[in-house]
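Residue-level structure breakdown
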Amino acid sequence: MSVNVRIKQKKLFKKPLDINDIIAISNLSYGISDQNYRLVPDKTGANTLLYDSKRLARGIEVSFEQHDIILVLSLPTGHEEIIGFYELIKKICWQLKTDQFLIDDQVKYLNEIDQLYENDCEASINALLDLKDKVNNSEYRYFQILGIYHPISLGIDELNEIDGSLFKLSDLLGRLQSLDVYYAACKVYRIQDRLAGIYITQ
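Throughout what follows, the structure given in this document is the object of discussion.

Thresholds applied
- Residues numbered from 1 in each chain as written.
- Predicted model: local features only at pLDDT ≥ 70, side-chain atom pairs only at ≥ 80, totals over all residues.
- Heavy atoms only, no water.
- Core = buried A, V, L, I, M, F, W, Y, C linked by side-chain atoms within 4.5 Å.
- Buried < 20%, exposed > 50% of the residue type's maximum accessible area, 1.4 Å probe, protein only.
- Helix = DSSP H or I, 4+ residues; strand = E, 2+ residues; numbered from the N terminus.
- Contact = heavy atoms within 4.5 Å.
- Phe/Tyr/Trp six-rings, centres within 6.5 Å; stacked < 30°, edge-to-face > 60°.
- Axes fitted to C-alpha atoms, helices over the stretch in contact; angles between N-to-C directions.
- Parallel < 35°, antiparallel > 145°, perpendicular 65-115°, else oblique.
- Nonpolar A, V, L, I, M, F, W, Y, C, P; charged D, E, K, R; others polar.
- Pairing = 2+ DSSP bridges.
- Polar contact = N/O pair within 3.5 Å; in protein donor to acceptor, adjacent residues only side chain to side chain.

Some points on the nonpolar core
One finds Ile 7, Leu 71, Ile 89 and Phe 101 to be the most contacted residues of the largest nonpolar core, which totals 43 residues. Examining the composition of this core, we find that eight residues originate from one element, helix H2 (residues 79-96), more than from any other. Once you skip the residues sitting within four places of it in the chain, Phe 101 turns out to touch Val 5, Arg 6, Ile 7, Ile 89, Cys 93, Gln 106, Val 107, Lys 108, Tyr 109, Leu 110, Ile 113 and Leu 116. If you look at the next biggest cluster of nonpolar residues, it comprises five residues, including Leu 39, Leu 49, Tyr 51 and Ile 148.

Printed below as a string of structure tokens:
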């Protein structure tokens, strides 16, 4: 589940905003994901992730289609990241001197942001409660979501700790991604017609 925003850059006679402009506007840290969904900091790419290094959550994905700026926020996430997402939209719109943007191809205006924030918080809470019910009912053992640093598994202990609270989700995401540990990714190779697996850490 995600929120997909498109901001059009109509004044093409001016230099369009690029990823470096967006990073500067955002005042956030940035990086890209490697093939195992681990963060490679301070690099940009076709899909660049912006994040608050003091409140680690899931990140805001930035990409471009022609001159359009595409922002994606994955839900559920913490309330601070939802606030940061809409603050970034405001900053970009102010820079482009526009008050409108698109969410799923529907026109939205800056004066609707408070309601959009509430909608995303409610969607995140409902998603967390639904995940908790599914794990409690043994439909699944755990769910995996993409954190900004690495994938995170949410099992019954984590979902009970969160208990549908975005504040508790923020704390959990921050804590799990601040541990001084390696996140290992499995790699499988074929060597002389045999498969060999190794774990790569970063």
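A closer look at unusual backbone geometry
Trans is the prevailing form of peptide bonds, just as negative phi is the prevailing case for residues other than glycine. Each neighbour pair has its own omega, and for Leu 75 with Pro 76 the value is 0 degrees, a cis peptide bond. Turning to its location among the elements, Pro 76 is positioned in the loop between strand S6 (68-74) and H2. A positive phi angle, near 65 degrees, is found at Tyr 37, a position not held by glycine. Along the chain, Tyr 37 turns up in the loop between strand S2 (29-33) and strand S3 (39-41). Exposure remark for Tyr 37: the relative accessible area of 45% places this residue in the partly exposed category. Backbone geometry at Asp 104 places phi at a positive 50 degrees, although glycine is not the residue there.

A look at the packing of aromatic side chains
Applying the stated criterion to the full structure yields three aromatic pairs. Seen in terms of ring centroids, Phe 85 and Tyr 86 are 5.2 Å apart; in terms of plane orientation they differ by 75 degrees. Their pairing is edge-to-face. Of the two residues, Phe 85 and Tyr 86, neither departs from the other in class, the shared state being buried.

Concerning the packing of H2 against helix H5 (residues 166-176)
Each pair of packed helices gets described by two things: the angle between the helix axes and the distance between those axes. For the pair H2 and H5, the least separation of the axes is 7 Å and the interaxial angle reads 95 degrees. Put simply, H2 runs roughly perpendicular to H5. Side by side, H2 and H5 meet where His 79, Glu 80 and Ile 82 of the first sit next to Leu 166, Phe 167 and Ser 170 of the second. Of the residues belonging to the contact of H2 with H5, the class tally is three nonpolar, two polar and one charged.

Details of the environment of Ser 124
Along the polypeptide, Ser 124 turns up in helix H3 (residues 113-136). When the C-alpha atoms of Ser 124 and Leu 166 are compared, they prove to be 7.5 Å apart, with 42 residues separating the residues in sequence. Apart from residues lying up to four places away in sequence, Ser 124 is in contact with Leu 75, Pro 76, Thr 77, Ile 82 and Leu 166.

Remarks on the sheet that holds strand S4 (residues 48-51)
Pairing is antiparallel in the open sheet, where eight strands are placed in the order S3-S2-S4-S5-S6-S1-S7-S8. Where the open sheet ends on each side, the last strands, each with one partner, are S3 and strand S8 (106-109). On average, adjacent strands in this sheet sit at an angle of 35 degrees to one another, irrespective of strand direction. In terms of strand pairing, strand S1 (residues 2-7) meets strand S7 (residues 100-103) through two bridges, oriented antiparallel. Counterpart to Arg 6 in the pairing with S7 is Leu 102. Packing of H3 onto the sheet brings it into contact with S1, S7 and S8, and relative to S7 it is tilted by some 20 degrees.

A word on the side chain of Ser 26
Within the fold, Ser 26 resides in helix H1 (residues 19-26). There is a polar contact of 3.1 Å between the side chain of Ser 26 and the backbone nitrogen of Leu 28. With residues up to four places along the chain from it excluded, the contact list for Ser 26 reads Leu 50, Leu 88 and Lys 91.

Remarks on the side chain of Gln 177
Secondary-structure assignment places Gln 177 in the loop between H5 and strand S11 (185-191). In this structure the side chain of Gln 177 is engaged in a polar contact, spanning 2.9 Å, whose partner is the backbone nitrogen of Ile 148. In contact with Gln 177, not counting residues within four places along its chain, are Leu 56, Ala 57, Gly 147, Ile 148, Tyr 149, His 150 and Ile 152.

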